[in-house]
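Structural characterization, general
Read off the chains here:
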Amino acid sequence: MSNETDQETAATTGEGGGDIVKSSTMMSTQHQHHHHHHHIMSTSVEEVDEQVLEMTQSTTTVSSSNSSSGNTTNNIHSRAQKSYKNLHEFSVEMLETEKAGLVERVYDLERQVLEHKDEIVCLKSTLADVLRRLATIDNSYENSTSGSGRGGTGTPAAGGAGGGSGGHHTVSDNVSASGQNSLSSKSFRFSRNTLTRLNSTVDEKRFGRVPSRVTSSPSRVKTNLAQKAIHYSNGSLHSDSMSSHSISPAPSPSPRQPNASAVANSHHALLASSGGMGKRWSSTGDFISTPGSPSGTGSSGSMSRFSAKSLLNLSGNSSRQGQTHPYVQRKNEDDEYVKLYISGRPIVIHLPEAQLSTYELTKVQPAPNRRLRLDWAYGYRGKDCRSNLYQLPTGEMVYFVAAVVILYNMDEHTQRHYLGHTDDVKSLAVHPNKLLVASGQCGGHEGRDSLPHILIWNSVSLATLNMIGCGEFTGSINCLSFSRADSGSILAAIDDSPDKIISIWDWQKKEGGRKITETKCSVDTVVAVEFHPLDKGQIITIGKNHIAFWSLDQNGMLYKRMGVFESFEKPKYVTAISFTQTGDVVTGDSSGNLAVWKRGTNVISRFLKKVHEGPVFSICALRNGGFVTGGKDGLLLLFDDALHIKAEQIVEAHFGAVRVVAEGKGSQLLIGTTKNCILSGDFTLSLVPIVMGHTDILWSLATHPQVAQFVTGGRDRLLQLWDSLSHSVVWSKDIGEPIHAVQIANAGDVIVAGGVGGRWSVFDIVTRELLATYTDGQEVIQCMQFSPDGNLLAVGSKDNCIYIYQCTKVAHRFSKIGKCTGHSSFISHLDWSKDSQVLRSNSGDYELLYWNPTLCRQITSQSTVKNLEWATQNCSVSFETIGIWPENFDGTDINSVCKDGEEQFLVCADDFGKIRLFSFPASQPKSLSHSYRGHSSHVTAVQFMHDGVRLLSAGGMDTSVLQWRVV
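Residues numbered from 1 in each chain as written. Predicted model: local features only at pLDDT ≥ 70, side-chain atom pairs only at ≥ 80, totals over all residues. Heavy atoms only, no water.

1. Details of a nonpolar patch on the surface
Where we set the bar: Residues enter a patch when their relative accessible area is above 30% and they make no salt bridge; the linking distance is 9 Å between like charges and 5 Å between nonpolar side chains (Val, Leu, Ile, Met, Phe, Trp, Tyr). We get accessible surface area from the Shrake-Rupley algorithm with a probe of 1.4 Å; when it comes to residues, only the shown protein chains can shield them. The salt bridge criterion pairs a side-chain nitrogen of Lys or Arg with a carboxyl oxygen of Asp or Glu, the two atoms within 4 Å. Comment: elements are numbered from the N terminus, with helices defined as DSSP H or I runs of at least four residues and strands as E runs of at least two.
Taken together, the side chains of Val130, Leu134 and Ile137 present a nonpolar region at the surface, about 270 Å² in accessible area. By the element assignment, Ile137 lies in helix 3 (residues 70-145).

Set out below in structure tokens:
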């Protein structure tokens, strides 16, 4: 019996042992399988677990049935559990490895998708730019082969919008077509009709009226719509030109659009050359034409019903006993003078003898039949603005100065200009499709269109697509950002009001945009707002004492989480922001630190201390995953994707600190500085300046009498010589004191610069060496002027005196003759007669006095001076400038005037950022002009170049110099 039991037991034990061996063999085989294959499926792991469980249960059964072999069974059980544990740990490790690899592959796919999107955007932009260039070539060819000339000698414009050749309409239509082709991508939803409607609505909102529709023929309607959609110019908001390098939206529609039949063919040429005319004739301001009208000839469409004769003699039947005007009076026809009232003060101006019998206050002087176009904009605003330098796929970099957004092609050395703004541009953002641009401005001087607002425009056609938030903002728009995870459908803006409002806009929804939401962002300064590139609806703002992570839900609600610094140093300012390719946020602060914020969190995952000495102003994410940082210390640092420093570059101190870094072509970097310079280079070569400018109020400007150069000076103490052909700075010199007046000697060998404390200095124009210094009085030198024969120099001072110097054979030596006293206020302007025998001057209280310079005595006999011809026209109060003074203008509102060498044009610059082009002389109170925008501050100086074709204007506080061309 016991033997049978033992045999059964042995048999059972043998079976159990066989199962154990079999299970062990299977486990070993499975282990080898995992060892040779790095990827394991979850179903295989479950099968192994079941087998190990069966083995364990079998082992337990054997142990309970055979107590004699307990130790052996326990050992086998322990080994089995250990093997199971090792196998489980290995399986978990493999799964984690697989998961990490999957995440990496997803990130890699996201990166590849973004790269492909960038390539598609580049191709679209390139195609759009090619279409624009082809349209320009086509227009140039049509203009060159057209039989009609400028000034209305050809066929009247379609739609009866006024003068100008029909070729002008072809230009605009072609550009509209090319611009529309560039906008046909799925990422942009505006059709041509929508584009036209947007511009029409914007004009309606700006000026409170809707342009009359032309319904005479389909072709005319098409042409008119194209004209409204895109206003063709060479850079001027109000200028028009056949061969255009710049396009900008028209500031206003024409007051009327009469039928073509209303334009008499016999008067067409005359009307094309004349300006617009309103219904009231109460002031010069009513007669300023609007060259931005679709006709391309100002608002001449509104006056096509008048003949030239009726225009010039509109009130010819007025009383012969006397002539009156709101601010100009001539009591009797026999009076040899008129009284010009400025700020209520009468200024007596004597009439030339040739004008006595024919001069009538009621005559209207037409605007000139030529225009100005913006040829070049000098300067850049990096002193107090951020994120305002970008490289576009078309090869152009985009930045701004004053009220001009500049698109500069460094390879071709050409500029195009967007001039839709009415005041300082303060922010810039490029759409993810790299075609559209948003720019925000501060409040302007006059009108609804001067309120703070955002303009969305096409960077190829320069057509304005939408005006956002006009009347919604109270301060300037300091920061802008398009959404990036949803193809740029919404726009974020920071209103620099006391409450620092953040607002979110659906800019495509309707004309004027739809505000989704707004809320108070911070109590302190906000320096940047950015959408997360991968997470939809995620926004980050940075600034003084804060970094905030915002979430925009589907209902348009914003939720805010403040960044938590925990044990890390909390800075006073978070000053820069960027993103890694995996979606982490990288920030720089005012202490020179870099912080990495894990994607989806508001806590720091990595902290790099004291990377820069002082604030980090910019972080640029590179295409290869690395970063470039720039700071106040002037240092550029190159990081790899793991934030390890690989290289460094220093920006020379005279260029200023690094304000913004942008990635250019290839490894090229674009660096904007705090001294309003833009540099180009990389970490292997030195940085080269490509844009330079002034950094403080620009007061003075003078042109070279013989070559295409000019000199500028301002409160930043910089004396700069420029070349107007190469559009570059020849040299720059810090003279140690603010510069209020500059002038180049007739021989072109020296520059005289007037400063403070009565000092004025002489510099060699080639070597910039200081040659001599003179002192007259204790006040600021306001103006300086050489006589036409080059023998005398007049120096006007704030001490109400004019100092006369004799020029010697040595260029920098001057012999003082004396001083002219008699003005009751500071000297503002000086002019010499063509024979160099008489000097005239204006003062701060609008006096007009005449002087004998060799005797330093005032000339009181008007018969001696009233018929003189003047070499220059700097005096704003004179017979030749009566028509530049609109009604109710303050005497200080007009800062500078000038005429060209052939005496065809008179240009004046005012406190409202405008430049106005008149026919010379503008002696009629009702003188029409063409008005141009571009400056955002008071225009302090205007001067024609020696060739009379180019005009320069200095922008005061906007620190810009604009170069215009007469076309």
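2. Description of the packing of aromatic side chains
Quick note on the threshold: Stacked, tilted and edge-to-face pairs are distinguished by plane angle, under 30 degrees for stacked and over 60 for edge-to-face with tilted covering the rest, among Phe, Tyr and Trp rings (Trp via its six-membered ring) whose centres lie within 6.5 Å. Residue burial is assigned from relative accessible area. The probe radius is 1.4 Å, only protein chains are included, and a residue is buried under 20% of its type maximum, exposed over 50%, and partly exposed in between. The rule for a charge over a ring is simple: NZ of Lys or CZ of Arg within 6 Å of the ring centre, and within 35 degrees of the ring normal.
Inspection of the entire model under this criterion finds 20 aromatic pairs. Ring centres of Trp760 and Phe814 lie 5.6 Å apart, and the angle between their planes is 65°; on these two criteria the pair is classed as edge-to-face. Here Phe814 lies in strand 49 (residues 814-820) and Trp760 lies in strand 44 (residues 759-764), a separation of 54 residues in the sequence. Neither residue differs from the other here; Trp760 and Phe814 are each classed as buried. Among the aromatic residues, those joined into a cluster by ring pairs are Trp760, Tyr774, Phe786, Tyr805 and Phe814. Lying across the ring of Phe617, Arg659 places its NZ or CZ 4.6 Å from the centre.

3. Examining the pairing of strand 52 (residues 848-852)
So the rule is basically this: At least two DSSP bridges between two strands are required for those strands to pair.
When you tally the buried positions in strand 52, you get four out of five residues, the bulk of the element. Sheet analysis places strand 51 (residues 839-843) next to strand 52, joined by four bridges and oriented antiparallel. Looking at strand 52, one finds that Leu839 is bridged to Trp851. Between the antiparallel neighbours strand 51 and strand 52 lie four residues, among them Tyr846 with a positive phi of about 70°. Pairing geometry for strand 52 and strand 53 (residues 857-859), over three bridges, is antiparallel. Along strand 53, the bridge assignment pairs Tyr850 with Ile859.

4. Description of the nonpolar core
The following threshold applies: In this description, a nonpolar core means a group of buried Ala, Val, Leu, Ile, Met, Phe, Trp, Tyr and Cys residues linked to one another through side-chain atoms lying within 4.5 Å. Two residues qualify as a contact provided that any one of their heavy atoms is within 4.5 Å of a heavy atom in the partner residue.
Leu372, Leu389, Tyr399, Val907, Leu951 and Trp964 are the most contacted members of the largest nonpolar core, which has 43 residues in total. The dominant element in this core, judged by the number of residues it contributes, is strand 9 (residues 372-378), at five residues. Setting aside residues no more than four positions away along its own chain, Leu389 makes contact with Tyr380, Met397, Val398, Tyr399, Val660, Ala662, Leu670, Ile671, Gly672 and Ile678. Tyr846, Ile882, Ile884 and Ile894 belong to the second largest nonpolar core, which has 24 residues in total.

5. A closer look at the confidence of the model for the protein
For clarity, the cut-off: Here pLDDT means the predictor's own confidence in every residue, given as a number from 0 to 100.
When pLDDT is averaged across the protein, the result is 78; 72% of the residues are at 70 or more. Low confidence marks residues 1-45, where pLDDT is under 50. Its contacts with residues over four positions away, or in another chain, come to 20 contacts. In this model residues 147-321 is a low-confidence stretch, pLDDT under 50, and it forms 387 contacts with partners more than four residues away in sequence or in other chains.

6. Focus: the sheet that holds strand 47 (residues 792-797)
Applicable threshold: Lines fitted to C-alpha atoms define the axes here, with helix axes fitted over just the stretch in contact, and angles between the N-to-C directions of these axes take values from 0 to 180 degrees.
An order of 46-47-48-49 is seen for the four strands of this open sheet, with the pairing classed as antiparallel. This sheet does not close on itself; its edge strands, each paired only once, are strand 46 (781-786) and strand 49. For this sheet, the mean inter-axis angle between neighbouring strands, taken without regard to orientation, is 20°. In this sheet, strand 49 lies alongside strand 48 (residues 802-807) in antiparallel orientation, the contact comprising six bridges. The residue bridging Gln806 from the neighbouring strand is Ser815, located in strand 49.

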